[in-house]
Amino acid sequence: MLFILLVRRLIFISLCSFLLTCTPAPHSQFRVLNTAPLQTTTQLHVESHIRFSKRPTDFVKYPIALGSVGPVTPLYAGANRYPFSCDTMRSGLGQPEVDNQQAFGTAVYHEDEAGKITNTIVGYSKDCLARSKLRYFALSADGKSDEIFSLSQFKRKENSQQLLLIRLEQGTINRHIYTIAMPITPHEFGSWKTRSLWNNKLIYQFAGGVGIGFRQGKVNPAKLLNRRYRELQKGYAVITSSANKTSYTYNMLLAEDTAWRVKRQFESLYGKPKYTIGIGGSGGGLAQYLIAQNSPGLIDAAIPLYSYPDMVSQTIYALDCDLFNTYYHFKSELAQWDNSIKKRAVEGLNNAEIEHKSWFYTPINQMLTGNSVYRPKVYSECVHGYFGLSSLVNNPAQGFLKPLFSQTVNQQTNWSYWQDLALITQQKNEADAPALWDNQGVQYGLKGLQQGVLTPETFLHLNYHIGGWKQQSKQQPEQLLFFPFVKTPIWLTQWSRHNITSAGDKPAQRTQSNIAAIQQAYRYGQVYLGVNTIPTIDIHHYLEEQLDMHHISTSFATRLRILQQHGNLKNHRIWISNKHYTPLNEAFDTLDLWLTTHKAPLNASDRCFGEKGEVIADGEDVWNGDWNNQDDGECTRHFPIYTNSRIQAGGPWAGSVFKCQRISVEQAIKQGVYHPIDMAPYRDKLAQTFPNGVCDYSKPDLGNPFSALNGKLSLSPLKSLTVAKSSEQS
């Protein structure tokens, strides 16, 4: 029987090896061929916190003329990074401008008289620049739009339905694609600076996704107009940039630098708006929190949707997920962890018997590793929400699955979220950007132990074997199996298990972060400290039942930071709704009144909404719960708030400890860390599992240069809300 099993495994591995490839398809015509040389430029110097660092004067002449290219190098966000993948073609702006003949970047091809791209290369583009131009769209009452190329075409379409004419200006600023959407009358077709339908109010559209830099980013006008069609019909103008979509970059310094320049372009054309409201979901939500904190004046109010406090904080527990799944599948008995209560005791996130589309990866990987085949029933948000995240965000050897770059570029480049922050966090003596993630001393499942869900033996086995992520320089690409005409590959290294440490005579090694890099992330505003000086309505759909990554606990992590910073919530509201209703109209109307009267309206209160938009409950205490050590409020009872792995490990709800301070196991036992469980009989095994001590979450983050979040010290210098702004921003 054993012989037959070994033969079957050998045949299976041989077949996989025959089909295995790390390239899903031949590289596309517009792939990046070679990486351009590094540039040197001035970056904003920050001593305390970026909020207090004066931004330099922008000497670019605005407006950028039609047919011209906008500024290429950021004003203060540092040098342009390479490689850089172009998206002008996918955004409807044509091929990028030729800027070199040395084969840096993307090839640019000759176009014939009909505008068709030929096979003749005329040059190369490393910076993906596009000349600014006007485009026109007919926007229907239901948000659908079509690009039009003449006034007569618009009038023909208008005969059959009521349409709004939108003028789009597009081009590149800081290499990213900017867009200005202005509602106009048919008489203004062909004009540039007219604004007869504008209500003097502006929206800055942010957008989400998980990006690691290296891309210009696509702007889809139809999608943008569909998102904001109700506001455009009311006379709002809308501006955005692909640098403000986190699918392409989470570098908030670059996002801020670019957003200011896009707004300057708008104001040079149409004048200063009465106010500017930011809106955007997920990464587009946290961008508003960070930009409002770091650079006051860009937006006057915020509507963060599905937001996190910041991306760095999200990685703290998100990168735990593949550690858990590797442990369940390959370091323990999977069947023992196929239990909703037990799994939630460790992960904190919700789970259910909802099968993930990658379910068949499990038996394949079990066979490859010689484990018994078991098909789990319970899947958590760690799978449904964060599958593949660690490979993209944390693995410098992986890169993109899409064929955006040549093999040469792929092999030369370190791909990760950390690398996207290199200009902020990387020290002069370091070859690559350091990771900010740390799990030394983290006692996974501590609350599950305290509650009796985990036995001491299970708790110890989990923490002895779970390990951490290998050093960035030692990580390897995923082994992916591609089949012809199939878009999604099979992961033969499920849960990135080959990049996770393993136990032997000693516990699996935990990951140690770079304190200096964490401090730089704090100083340069990549971490949300709770500065909230503008009206903010934080909106979520309740998606916990779908195991969506946009869980609502993040709103309360943000709120705790605001409370620690200001001691009040006068500018912060949380609205959570049934997934079938989105209270955006109410949010815009509320903020309009708030900004106009300079006073929060009566309907600007915490609340929750039902399926048809009815207010289930509202008031100051409706969201009380475990996060603020209060009995559950009415909205909390209706929409339960789950936790995450670091809260289950005894960490703070504010989610703000990147590197914990540690105490010895002996001290932890004496201080009652495991109460009501008596862990004294397990003292030796605990000491073996945690030879360097366990986290003491009563102390502040070691990486926080202000000793602020979860600490006893005042948040100096941010307790003083003195703001250093350039003359143009004041």
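Just so it is clear, the structure is predicted and the values come from calculations on it, not from any experiment.

The subject of this paragraph is the overall build of the chain. Broken down by element type, the chain carries 24 helices and 21 strands. For a compact globule of 730 residues, the expected C-alpha radius of gyration is about 27 Å, and the chain comes in at 26 Å, within 12% of that figure. Put simply, the chain has 730 residues, and 58% of those count as buried. Within the chain, contacts between residues at least 6 apart in sequence are counted, and of these 75% link residues at least 24 apart. Distance between charge centroids for the chain: 4 Å, based on 72 positive and 59 negative side chains.

Across the chain, the average pLDDT comes to 92, with 93% of residues at or above 70. Low pLDDT, under 50, characterises residues 708-717; the predicted model gives this stretch 31 contacts beyond four residues in sequence or across chains.

Quick look at the sheet that holds strand S4 (residues 133-140) now. In a beta sheet, neighbouring strands are held together by backbone hydrogen bonds and run either parallel or antiparallel to one another. The strand order S5-S4-S6-S7-S9-S8-S10-S11-S16-S17-S18-S19 describes an open sheet built from 12 strands, whose pairing is mixed. The open sheet has two edge strands, strand S5 (145-148) and strand S19 (615-618), and neither has a second partner. The mean angle between the axes of side-by-side strands here comes to 20°, regardless of whether they run parallel or antiparallel. On top of the sheet, helix H19 (residues 553-566) reaches strand S16 (536-541) and strand S17 (572-577); it is set at about 170° to S17, its chief contact.

On to H19, then. Residue pairs spaced three or four apart in an α-helix point in one direction, given the helix's 3.6 residues per turn. An ideal rise of 1.5 Å per residue puts 20 Å on 14 residues; H19 measures up with 20 Å between its terminal C-alpha atoms. Summarising burial for H19: 11 of the 14 residues are buried, a large majority. For H19, the complete set of buried residues consists of Ser553, Thr554, Ser555, Phe556, Ala557, Thr558, Arg559, Leu560, Arg561, Ile562 and Gln565. Of the surrounding secondary structure, the elements contacted by the buried residues of H19 are helix H6 (283-294), helix H7 (311-318), S16 and S17.

The next thing to look at is the packing of helix H5 (residues 252-270) against H6. One way to put it is that H5 packs onto H6 with a least axis distance of 10 Å and a crossing angle of 75°. Viewed along their axes, H5 and H6 adopt a mutual orientation that is roughly perpendicular. Here Met252, Ala255 and Glu256 of H5 lie close against H6, whose contacting residues are Leu286, Ala287, Leu290, Ile291 and Asn294.

What follows covers the side chain of Asp701. Here Asp701 lies in the segment after strand S21 (694-695). This buried residue, Asp701, is left without a salt bridge; Lys659 holds the nearest opposite charge, at 8.4 Å. At a separation of 3.0 Å, a polar atom in the side chain of Asp701 contacts the main-chain amide nitrogen of Gly703.

Another aspect to go through is the sheet that holds strand S3 (residues 117-125). The strand order across the open sheet formed by 3 strands is S1-S2-S3, and the pairing between neighbours is antiparallel. With partners counted over all chains shown, the strands left at the sheet margins are strand S1 (32-34) and S3, one partner each. Each neighbouring strand pair of the sheet contributes to a mean axis angle of 55°, computed without reference to strand direction. Direction of pairing for S1 relative to strand S2 (residues 105-111): antiparallel, over a ladder of 2 bridges. Within S2, the residue paired with Asn34 across the bridge is Gly105.

On inspection of all chains with the given rule, the structure shows 31 aromatic pairs. Measuring from centroid to centroid gives 4.9 Å for Phe360 and Tyr361, while their planes differ by 85°, and the two rings are edge-to-face. Residue Phe360 is classed as partly exposed on the basis of its relative accessible area, which comes to 32%. For Tyr361, a relative accessible area of 3% puts it in the buried group. Centroid distance Tyr417 to Trp418: 5.1 Å. Interplanar angle 50°. Geometry classified as tilted. A connected cluster of aromatic rings, assembled from ring pairs, spans Trp359, Phe360, Tyr361, Phe387, Trp491 and Trp495.

This part is about the pairing of S16. With 6 of 6 residues buried, S16 is to be regarded as a mostly interior element. What you see with S16 is no split at all: Thr536, Asp538 and His540 on one side and Ile537, Ile539 and His541 on the other are buried throughout. In terms of strand pairing, strand S11 (residues 301-305) meets S16 through 2 bridges, oriented parallel. Within S16, the position partnered with Ala302 by the bridge is Thr536. Considered for its hand, the β-α-β crossover made up of S16, H19 and S17 is right-handed.

Okay, the pattern of salt bridges next. Taken as a whole and assessed by the stated rule, the structure comprises 22 salt bridges. Across the pair Asp87 and Arg90 runs a salt bridge whose closest N-O atoms are separated by 2.9 Å. Note that Arg228 and Glu231 form a salt bridge whose closest N and O atoms lie 2.9 Å from each other. You can call Arg228 buried: its relative accessible area is 4%. The class of Glu231 is buried, set by a relative accessible area of 3%.

Within the structure shown, the criterion is met by 4 disulfides. Between the sulfur atoms of Cys608 and its disulfide mate Cys635 the distance is 2.1 Å. Since a negative S-S torsion denotes a left-handed disulfide, the Cys608-Cys635 link at about -85° is left-handed. You can see Cys608 sitting in strand S18 (residues 607-609) and its partner Cys635 sitting in helix H21 (residues 634-638), a full 27 residues away along the chain. Its relative accessible area of 0% is what places Cys608 among the buried residues. Residue classification places Cys635 among the buried positions, given a relative accessible area of 0%. With cysteine numbering restricted to those in disulfides and following the sequence, the chain has the pairing 1-2, 3-4, 5-6, 7-8.

Relative to the elements of secondary structure, Ser191 occurs in the loop between strand S7 (176-184) and strand S8 (201-205). At 2.7 Å, the side chain of Ser191 and the side chain of Thr194 are in polar contact. Once residues lying within four places of it in the same chain are set aside, the contact partners of Ser191 are Leu134, Tyr136 and Arg167.

To continue, consider the nonpolar core. Within the largest apolar cluster, 106 residues are counted, with the highest numbers of intra-cluster contacts made by Phe266, Ile299, Tyr386, Phe405, Tyr417 and Tyr444. When residues in this core are grouped by element, the largest group, 10 residues, is from H5. In contact with Tyr417, not counting residues within four places along its chain, are Ile212, Tyr250, Met311, Val312, Thr315, Leu392 and Val393. If you look at the next biggest cluster of nonpolar residues, it comprises 30 residues, including Ile166, Leu224, Ile537 and Trp594.

This paragraph deals with the environment of Ala617. If you trace the backbone, Ala617 turns up in strand S19. On the basis of relative accessible area, Ala617 is assigned to the buried category, the value being 7%. Along the sequence, Ala617 and His638 sit 21 residues apart, while their C-alpha atoms lie 9.5 Å from each other. Beyond its immediate stretch of four places on either side in the chain, Ala617 contacts Asp606, Arg607, Cys608, Val622, Glu634 and Cys635.

Cut-offs used in this document
- Residues numbered from 1 in each chain as written.
- Predicted model: local features only at pLDDT ≥ 70, side-chain atom pairs only at ≥ 80, totals over all residues.
- Heavy atoms only, no water.
- Helix = DSSP H or I, 4+ residues; strand = E, 2+ residues; numbered from the N terminus.
- Rg over C-alpha atoms; globule rule 2.2 N^0.38 Å.
- Buried < 20%, exposed > 50% of the residue type's maximum accessible area, 1.4 Å probe, protein only.
- Contact = heavy atoms within 4.5 Å.
- Lys, Arg positive; Asp, Glu negative; His and termini not counted.
- Charge placed at Lys NZ, Arg CZ, Asp CG, Glu CD.
- pLDDT = per-residue confidence, 0-100.
- Pairing = 2+ DSSP bridges.
- Axes fitted to C-alpha atoms, helices over the stretch in contact; angles between N-to-C directions.
- Expected span 1.5 Å × (residues − 1).
- Parallel < 35°, antiparallel > 145°, perpendicular 65-115°, else oblique.
- Salt bridge = Lys/Arg side-chain N within 4 Å of Asp/Glu carboxyl O.
- Polar contact = N/O pair within 3.5 Å; in protein donor to acceptor, adjacent residues only side chain to side chain.
- Phe/Tyr/Trp six-rings, centres within 6.5 Å; stacked < 30°, edge-to-face > 60°.
- Right-handed = clockwise from strand over helix to strand, strands pointing away.
- Disulfide = S-S within 2.5 Å.
- Core = buried A, V, L, I, M, F, W, Y, C linked by side-chain atoms within 4.5 Å.

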